Amino acid sequence: MQTSPAHAVHHGDREIETVEEFDAIVSARGTLSGFRVQSVDLTDRTRELLTTDTTGAVFLGCRMRPDAAEKLRADGALVLPPLPGLPFDPYRGHLYTPDDLFASLDQGYEETPDARAYAWFQRTKADGDIFASMLRAVHDDSMSDALDELLRGARVVGVMGGHAMARGTEEYRGAARLGRALTRTGFTVATGGGPGAMEAANLGAYAAPYDDPVLDEACEILAGAPSFTPSITDWARAAFEVRTRWPKGNHSVGIPTWFYGHEPPNAFASHIAKYFANATREDGLLARCNAGVVFLPGAAGTVQEIFDNATPNYYESRGEPTPMVLVNRAHWTEKLPTWPLLRSLARERSMEARIALVDRIEEAPEALKHLLG
């Protein structure tokens, strides 16, 4: 899931997202003509910019000296400068990490880039500022681009479930064991990136390289701050305590949104694609789960995700249907009777062989394996 310094050369695309990639392209090609350079600090590459052909190149949010910017524009390059004062980079070339979003947590969650980005979103959304809405769209498209690059070739299984699942509960531990089992099988776990069941699955993926008792110990630490209410700060600090004690966790993906500002991202997803537009985020999350989705008990949001996923499976609009495993028979047949409708939709269609209902979370990996054939 990691890119190499010569990524742009390797994959035949035209994007440059790091100084190392910039140097590799200039050295190998001798030209930047037609390339897109995305949010790279080029203040120490003035000589290269002044002496390299940049005809038709695009520089998005790159720091550079004024003489270099003037030369690029004279070449016919498009230069969109960094925007000071924003709590996020709309041209960002890579996904977020927990450290990125929770920087300054020692001063309280309200001071973190995550909280500041949400406050900016609320303020500009209320103003109806067209420039701000453009910046949000550019940022979200940058997230999608980075997510595609990260997941190229990966077998992704989504784990969906509600944010209300509290740390310290058996349900939370079960969701964590599911994330661990899927990761050890070779899948990349993807979640909605928030608290509750989502955090638990990302935690399980994180703990996969460690001996089994580590996950139990981590859950005990986290139980000291069972929910992100009343204090997101305390909730997040408990997660970073676990990360500090066991720093070499495995990767997984979280795809949260600032649309639900009351829901902070969890700190166990190593790669976080955070969106302003929830519709873009929801569709992108499910579309990338190419090896199936496990749906844990949840409420309205999880029900929506079930049918957001069922619709392209029904019409086969993304190709062959992908597996769907619903966990907890009583929840999905009695409390929220989603399963009977899903089963009726699937009848006599290709997706009929790709859906399953199981009682216990421990049964989900085997059910998924069976559906994948």
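The structure this text deals with has already been given above.
Residues numbered from 1 in each chain as written. Predicted model: local features only at pLDDT ≥ 70, side-chain atom pairs only at ≥ 80, totals over all residues. Heavy atoms only, no water.

Here the focus is the overall build of the chain. When helices and strands are counted, the chain shows 16 helices and eleven strands. Computed over C-alpha atoms, the radius of gyration of the chain comes to 22 Å, within 12% of the 21 Å expected from 2.2 N^0.38 for 373 residues, which places it in the range of a compact globule. By its C-alpha atoms, the chain is 65 × 50 × 45 Å across when sized along the principal axes. Across the 373 residues of the chain, 53% fall into the buried class. With an accessible surface of roughly 16,300 Å², the chain has 51% of that area assigned to carbon and sulfur atoms. Across the chain, 37 positive and 51 negative side-chain charges occur, with their mean positions spaced 2 Å apart. (Helix = DSSP H or I, 4+ residues; strand = E, 2+ residues; numbered from the N terminus. Rg over C-alpha atoms; globule rule 2.2 N^0.38 Å. Buried < 20%, exposed > 50% of the residue type's maximum accessible area, 1.4 Å probe, protein only. Areas by Shrake-Rupley, 256 points an atom, 1.4 Å probe, with all protein chains shown as cover. Lys, Arg positive; Asp, Glu negative; His and termini not counted. Charge placed at Lys NZ, Arg CZ, Asp CG, Glu CD.)

With that settled, consider the pattern of salt bridges. All chains considered together, the criterion is met by 20 salt bridges. Put simply, Lys274 and Asp114 hold a salt bridge, and the shortest N to O gap is 2.7 Å. Of the two residues, Lys274 is situated in the loop between β8 (271-272) and α12 (278-287) and Asp114 in helix α6 (residues 113-127); the sequence distance between them amounts to 160 residues. For Lys274, a relative accessible area of 1% corresponds to the buried category. Residue class for Asp114 comes out buried when judged on its relative accessible area of 0%. Between Glu217 and Arg245 there is a salt bridge whose closest N-O contact spans 3.0 Å. (Salt bridge = Lys/Arg side-chain N within 4 Å of Asp/Glu carboxyl O.)

The subject of this paragraph is the sheet that holds β8. With parallel pairing, the seven strands of this open sheet are ordered in space as β8-β7-β6-β5-β9-β10-β11. Pairing within the sheet leaves two strands with one partner each, and these edge strands are β8 and β11 (355-358). Looking at chain direction, strand β10 (residues 324-327) and β11 are connected through four bridges and run parallel. Counted as the bridge partner of Val327 is Val358 from β11. (Pairing = 2+ DSSP bridges.)

Neither face of strand β6 (residues 188-191) is exposed, since Thr188 and Ala190 on one face and Val189 and Thr191 on the opposite face are all buried. In this region the chain leaves strand β5 (residues 156-160), passes through helix α8 (residues 170-185) and returns to the parallel neighbour β6; the handedness of that crossover is right-handed. Alignment of β6 against strand β7 (residues 253-254), held across two bridges, turns out to be parallel. The residue bridging Thr191 from the neighbouring strand is Gly254, located in β7. (Right-handed = clockwise from strand over helix to strand, strands pointing away.)

The N-to-C vectors of helix α10 (residues 212-222) and helix α11 (residues 232-245) enclose an angle of 150 degrees; their axes lie 9 Å apart at closest approach. One way to sum up the angle between α10 and α11 is to call them roughly antiparallel. Viewed along their axes, α10 and α11 form a crossing whose handedness is right-handed. Counting all contacts with α10, which are made through Glu217, Ala218, Ile221 and Leu222, the residues of α11 involved are Ala238, Ala239, Glu241, Val242 and Arg245. (Axes fitted to C-alpha atoms, helices over the stretch in contact; angles between N-to-C directions. Parallel < 35°, antiparallel > 145°, perpendicular 65-115°, else oblique. Left-handed = near helix turned anticlockwise from the far one by under 90°. Contact = heavy atoms within 4.5 Å.)

Sheet strands pair by backbone hydrogen bonding; their relative direction is either parallel or antiparallel. Strand order in the open sheet formed by four strands is β1-β2-β3-β4, with parallel pairing between adjacent strands. Edge positions in the open sheet fall to β1 (15-16) and β4 (78-80), since each of these has one partner strand only. The pairing of strand β3 (residues 58-60) with β4 spans three bridges and is parallel. Paired with Val58 across the bridge in β4 is Leu78.

With the rule as written, the count across this model stands at twelve aromatic pairs. Ring centres 5.4 Å apart and planes at 65 degrees place the aromatic pair Phe121 and Phe276 in the edge-to-face group. Of the two residues, Phe121 sits in helix α6 while Phe276 sits in the loop between β8 and α12, which places them 155 residues apart along the sequence. One exposure class covers both Phe121 and Phe276, and it is buried. Members of the aromatic cluster, joined through ring pairs, are Phe88, Tyr96, Trp120, Phe121, Trp258 and Phe276. Note that Arg14 overlies the ring of Phe35, its terminal NZ or CZ placed 4.2 Å from the centroid. The ring centre of Phe121 lies 4.9 Å from the NZ or CZ of Lys125, which sits over that ring. (Phe/Tyr/Trp six-rings, centres within 6.5 Å; stacked < 30°, edge-to-face > 60°. Lys NZ or Arg CZ within 6 Å of the ring centre and 35° of its normal.)

In this section: unusual backbone geometry. Apart from glycine, the bulk of residues carry a negative phi angle, and the bulk of peptide bonds sit in the trans form. Residue Pro230 is reached from Thr229 by a cis peptide bond, and omega for that bond is 10 degrees. Secondary-structure assignment places Pro230 in the loop between α10 and α11. For Asn328, which is not glycine, the phi dihedral falls at a positive 95 degrees. If you trace the backbone, Asn328 turns up in the loop between β10 and α14 (329-335). Accessibility expressed as a relative area gives 28% for Asn328, which makes it partly exposed. We note that Glu348 has phi near 65 degrees; this positive angle belongs to a residue other than glycine. Tracing the chain through its elements places Glu348 in the loop between α15 (338-346) and β11. Glu348 gets classed as exposed once you look at its relative accessible area, which sits at 75%.

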